[in-house]
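Now for the letters of each chain:
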Amino acid sequence: MSNKEELKLGIDLGTVNTLVYANSRGIIFNEPTVIAFDKETDEVVAVGNEANDMVGKTHAKVRVVKPLVSGVIADKNAAIRLIEYILNDFLEHYQSAKLKKSTVLICCHSDLSGVERNALKDIVQGFGINNVLVQEEVKAGAIGVGIDIYSPTGSMIIDIGGGSTDVGVLALGDIVVSNSVKTAGNHLDAEIKKYIKMKRNFEIGMSTAERVKIALATVREDLVEEKEMVVSGRNLTNGLPSRITVKQSEIRDVLRKPFQTIINAILKVLEQTPPEIATDIIENGVILNGGGSQIDGLKEFIESIINIEVKLSPYPLTAIVKGTKELLKNNGDYLVAPTD
Ligand SMILES: Nc1ncnc2c1ncn2[C@@H]1O[C@H](COP(=O)(O)OP(=O)(O)OP(=O)(O)O)[C@@H](O)[C@H]1O
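Residues numbered from 1 in each chain as written. Predicted model: local features only at pLDDT ≥ 70, side-chain atom pairs only at ≥ 80, totals over all residues. Heavy atoms only, no water.

1. Focus on the environment of Ile158
And then number 1: Within the element layout of this structure, Ile158 appears in strand β11 (residues 155-160).
And then number 2: Relative accessible area serves as the criterion here: at 0%, Ile158 is assigned to the buried category.
And then number 3: In this structure, the C-alpha to C-alpha distance between Ile158 and Ile73, residues 85 residues apart in sequence, is 22 Å.
And then number 4: Every residue in contact with Ile158, bar those within four places of it in the chain, is listed here: Thr165, Asp166, Val167, Ile266, Val286, Ile287, Leu288, Asn289 and Ile302. (Helix = DSSP H or I, 4+ residues; strand = E, 2+ residues; numbered from the N terminus. Buried < 20%, exposed > 50% of the residue type's maximum accessible area, 1.4 Å probe, protein only. Contact = heavy atoms within 4.5 Å.)

The following block contains the structure:
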């Protein structure tokens, strides 16, 4: 990309991870949605991985913020500063890029209000970029996994992210039926942390709970070789730092209820899907996307309940931002297939 080129940027502002795509460059940012500020000066001290490493470890002078909760912006100022930081860092190398003629497509959760969408647009327009589009991430994700959402053939995607699980049925370039629940990765982490505190009288941090989930979470009833994991935290009986061993079957049992909530959300969408589209979905299967789709046995578990083939996304963590690449070809218009 030359300095004089018009930029096309796609932003996936997720609850847990933020990704940015740039034309001719590919994915230029793929890090946690976390920002750290100096409490006294309000200066940004770290973003992404560096800020995430500070979670739960800060001293009195640093404030670490996760700007999104359950897919929606909980701290507007922090979200603005995060996007500003990422764009500034990138645009430093393209000072003479034709910003006025450049395009930015921001993908957001379908629950984001008009006011919040406009706030996101304002941040980007503040860089002198006039053409700013905001679109729903479920559509971008479907395009990113390779579904032709513009065709009359209906398709279904289940996205288990960090803040929400979104289920969407799409046809002719738009969402026909959808449902969203807050039961997703962060909720699973919180349930693991709560269980270990209540049942084992042992306190762990959220990052440790996430590591336990990634290592042990499963929906399989038969565990041929049960895994276990040693975790560090604080023994609440004597208040001292300590270690305990957590078994896979314990974590599976804790997560039964949240997975039932996710199944109910999927069933609700299927119940509301028009019969002609339901036929397409039965023929073509359902795509499982998002970081949470990688949980052991989930594909088979969902298949056994809905009796429809479930296909795992080839890009569980990057499909949405990959979808922005396609959408940017057509200025974010979903009703017409992007052309090269
Ligand atoms: N191998 C894995 N097994 C289970 N969960 C995982 C795995 N890898 C990542 N995750 C979880 O996936 C979640 C992040 O997924 P993703 O990046 O799709 O979400 P997001 O886009 O940030 O969130 P949202 O779309 O809800 O705003 C985190 O909760 C993370 O712990």
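2. Quick word on the domain arrangement of the chain
And then number 1: Structurally, the chain comprises domain 1 (8-140 + 320-329), domain 2 (148-183 + 262-313) and domain 3 (185-254).
And then number 2: Each partner contributes residues to the interface: domain 2 has ten residues there, and domain 3 has eight residues.
And then number 3: Summed over both partners, the interface of domain 2 with domain 3 comes to about 820 Å²; 58% of that surface belongs to carbon and sulfur atoms.
And then number 4: The three residues of domain 2 that bury the most area against domain 3 are Thr183, Ile295 and Asp296, which together make up 53% of that side's buried surface.
And then number 5: At the junction of domain 2 and domain 3, the tally comes to one salt bridge.
And then number 6: Notably, a salt bridge pairs Asp296 with Arg220, separated by 3.1 Å at the nearest N-O pair.
And then number 7: For the interface between domain 2 and domain 3, the tally reads six residue pairs in polar contact (both at pLDDT 80 or more).
And then number 8: Of the residues belonging to the side of domain 2 that touches domain 3, the class tally is three nonpolar, four polar and three charged. (Domains from an automatic or database assignment. Buried area = accessible area lost by both parts, 1.4 Å probe. Salt bridge = Lys/Arg side-chain N within 4 Å of Asp/Glu carboxyl O. Polar contact = N/O pair within 3.5 Å; in protein donor to acceptor, adjacent residues only side chain to side chain. Nonpolar A, V, L, I, M, F, W, Y, C, P; charged D, E, K, R; others polar.)

3. Remarks on the sheet that holds strand β1 (residues 8-13)
In a beta sheet, neighbouring strands pair by backbone hydrogen bonds and run either parallel or antiparallel.
And then number 1: Overall, mixed pairing links the five strands, which are arranged β3-β2-β1-β9-β10 in an open sheet. Either end of the sheet is taken by a strand with one partner, and the two such strands are β3 (26-32) and β10 (131-136). Each adjacent strand pair in this sheet contributes to an overall mean axis angle of 15°, direction not counted.
And then number 2: In this structure, strand β2 (residues 17-22) lies alongside β3, joined through six bridges in antiparallel fashion. Bridge assignment links Val20 to a residue of β3, and that residue is Phe29.
And then number 3: The strands that helix α4 (residues 137-144) touches are β1, β9 (103-108) and β10; relative to β10, the one it contacts most, it runs at about 85°. (Pairing = 2+ DSSP bridges. Axes fitted to C-alpha atoms, helices over the stretch in contact; angles between N-to-C directions.)

4. Concerning the nonpolar core
And then number 1: The biggest cluster of nonpolar side chains holds 40 residues, and the ones touching the most others in it are Met156, Ile158 and Ile302.
And then number 2: The element best represented in this core is helix α8 (residues 256-272), accounting for five residues. (Core = buried A, V, L, I, M, F, W, Y, C linked by side-chain atoms within 4.5 Å.)

5. Points about the UniProt feature "binding site: ATP" (unreviewed entry) in the chain
And then number 1: Following the UniProt record, one finds the feature "binding site: ATP" (unreviewed entry) at Gly162, Gly163, Ser164, Glu210, Arg211, Val212 and Lys213.
And then number 2: Tracing the backbone through its elements, the reader meets Gly163 in the loop between β11 and β12 (165-171).
And then number 3: We classify Gly163 as buried; its relative accessible area is 3%.
And then number 4: The contact partners of Gly163, leaving out residues within four places of it in the chain, are Thr15, Ser70, Gly71, Val181, Lys182 and Ala184.
And then number 5: Its location among the elements puts Lys213 in helix α6 (residues 206-216).
And then number 6: Since its relative accessible area comes to 10%, Lys213 is described here as buried.
And then number 7: Apart from residues no more than four positions distant in its own chain, Lys213 is found in contact with Gly185, Leu188, Asp189 and Ile192. (UniProt positions renumbered as here; feature names shortened; annotations may be inferred.)

6. Examining the packing of aromatic side chains
And then number 1: Scanning the model with the defined rule gives zero aromatic pairs in all.
And then number 2: Of note, Lys322 hangs over the ring of Tyr315, and the distance from its end group to the ring centre comes to 4.5 Å. (Phe/Tyr/Trp six-rings, centres within 6.5 Å; stacked < 30°, edge-to-face > 60°. Lys NZ or Arg CZ within 6 Å of the ring centre and 35° of its normal.)

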